[in-house]
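Architecture at a glance
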Amino acid sequence: MTPATRQEVLGLYRKVLQIAKNWQSASGQIEETMREKEYIRNEARTLFRKNKTVTDPKLIKQCIEECEARIEIGLHYNIPYPRPIHLPPMGLAHKQGRTLRHQEKLRKISKPIYLKSHDEVS
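Everything numeric in this text was worked out from a predicted model, so none of it was measured.

The rules we used
Residues numbered from 1 in each chain as written. Predicted model: local features only at pLDDT ≥ 70, side-chain atom pairs only at ≥ 80, totals over all residues. Heavy atoms only, no water. Helix = DSSP H or I, 4+ residues; strand = E, 2+ residues; numbered from the N terminus. Buried < 20%, exposed > 50% of the residue type's maximum accessible area, 1.4 Å probe, protein only. 1 Å grid on protein atoms, 1.4 Å probe; cavity = no way out; pocket = protein on both sides within 12 Å on 5 of 7 lines; lining within 4 Å. Points joined across faces, edges and corners; volume = space filled by probe spheres on them. Nonpolar A, V, L, I, M, F, W, Y, C, P; charged D, E, K, R; others polar. Phe/Tyr/Trp six-rings, centres within 6.5 Å; stacked < 30°, edge-to-face > 60°. Axes fitted to C-alpha atoms, helices over the stretch in contact; angles between N-to-C directions. Parallel < 35°, antiparallel > 145°, perpendicular 65-115°, else oblique. Left-handed = near helix turned anticlockwise from the far one by under 90°. Contact = heavy atoms within 4.5 Å. Salt bridge = Lys/Arg side-chain N within 4 Å of Asp/Glu carboxyl O.

It is worth spelling out the overall build of the protein chain at this point. Across its full length, the protein chain carries five helices and zero strands. In the protein chain, the order of α-helices and β-strands from amino to carboxyl end is α-α-α-α-α. A buried classification covers 30% of the 122 residues belonging to the protein chain.

Now the structure itself:
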């Protein structure tokens, strides 16, 4: 990791922790605000620690983009949790075979960048 990339990652981590510190839930309830603040801190710690050994520049760039996207979406919608994606169910595919593989590939490709690491952690 280059020093510039390291500074960018550390800056993002500080930004997320600052957002958690100043977070106010949409409902304004104290209990919900505290839960959401704790979720933001725990999610940041988990994902940053999970990715601390990543050395591939493309993968580092993808992680940075995911972090920035999640920050922007969370601030815009005032929801700290990842927004769900709405993809058609895979009920039309057979249990095995070409159609199932094709639908799984389409679902993987269509997953937004801000949810790439969410399934691995949850």
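By volume, the largest pocket is sized at about 750 Å³. The wall of the largest pocket is formed by 36 residues, among which Val16, Ala44, Leu47, Phe48 and Cys67 lie closest to the centre. At the level of secondary structure, the elements contributing two or more residues to the lining of the largest pocket comprise helix 1 (3-22), helix 2 (30-50) and helix 3 (57-77). With 10 residues, helix 3 is the single largest residue contributor to the lining of the largest pocket. Tallied by class, residues from the lining of the largest pocket come to 26 nonpolar, three polar and seven charged.

On to the packing of aromatic side chains, then. The way to describe two aromatic rings as a pair is by their centre distance and the angle between their planes. One pass over the structure, following the stated rule, counts two aromatic pairs. Seen in terms of ring centroids, Tyr13 and Phe48 are 4.8 Å apart; in terms of plane orientation they differ by 65 degrees. Their pairing is edge-to-face. With Tyr13 in helix 1 and Phe48 in helix 2, this pair connects stretches of sequence that are 35 residues apart. Judged by relative accessible area, Tyr13 falls into the partly exposed class, the value being 23%. Taken together, a centroid distance of 4.6 Å and an interplanar angle of 55 degrees make the contact between Tyr39 and Tyr81 tilted. Of this pair, Tyr39 sits in helix 2 while Tyr81 sits in the loop between helix 3 and helix 4 (98-110), placing them 42 residues apart in sequence.

The relative placement of two packed helices is expressed as an angle between their axes plus a distance between the axes. Two elements in contact, helix 1 and helix 2, have axes whose closest approach is 8 Å; the angle formed by their N-to-C orientations is 165 degrees. Classified by the angle their axes make, helix 1 and helix 2 are roughly antiparallel. Between helix 1 and helix 2 the crossing geometry is left-handed. Only Lys37, Ile40, Arg41, Ala44, Arg45 and Phe48 of helix 2 make contact with helix 1, whose side of the interface consists of Val9, Leu12, Tyr13, Val16, Leu17, Ala20 and Lys21. Within the contact of helix 1 with helix 2, the residues separate by chemical class into nine nonpolar, no polar and four charged.

Note on backbone geometry: most residues besides glycine have negative phi, and most peptide bonds are trans. A positive phi is found at Asn78, a non-glycine position, where the angle reads about 60 degrees. Here Asn78 shows up in the loop between helix 3 and helix 4.

Below, the discussion takes up the pattern of salt bridges. For side chains of opposite charge, pairing can occur when their charged atoms come near one another. Under the counting rule described, the total for this entry stands at three salt bridges. Between Glu38 and Arg41 there is a salt bridge, with its nearest N and O atoms 2.9 Å apart. With Glu38 and Arg41 both in helix 2 and three residues apart, the pair spans about one turn of that helix. Relative accessible area serves as the criterion here: at 34%, Glu38 is assigned to the partly exposed category. Judged by relative accessible area, Arg41 falls into the partly exposed class, the value being 22%.

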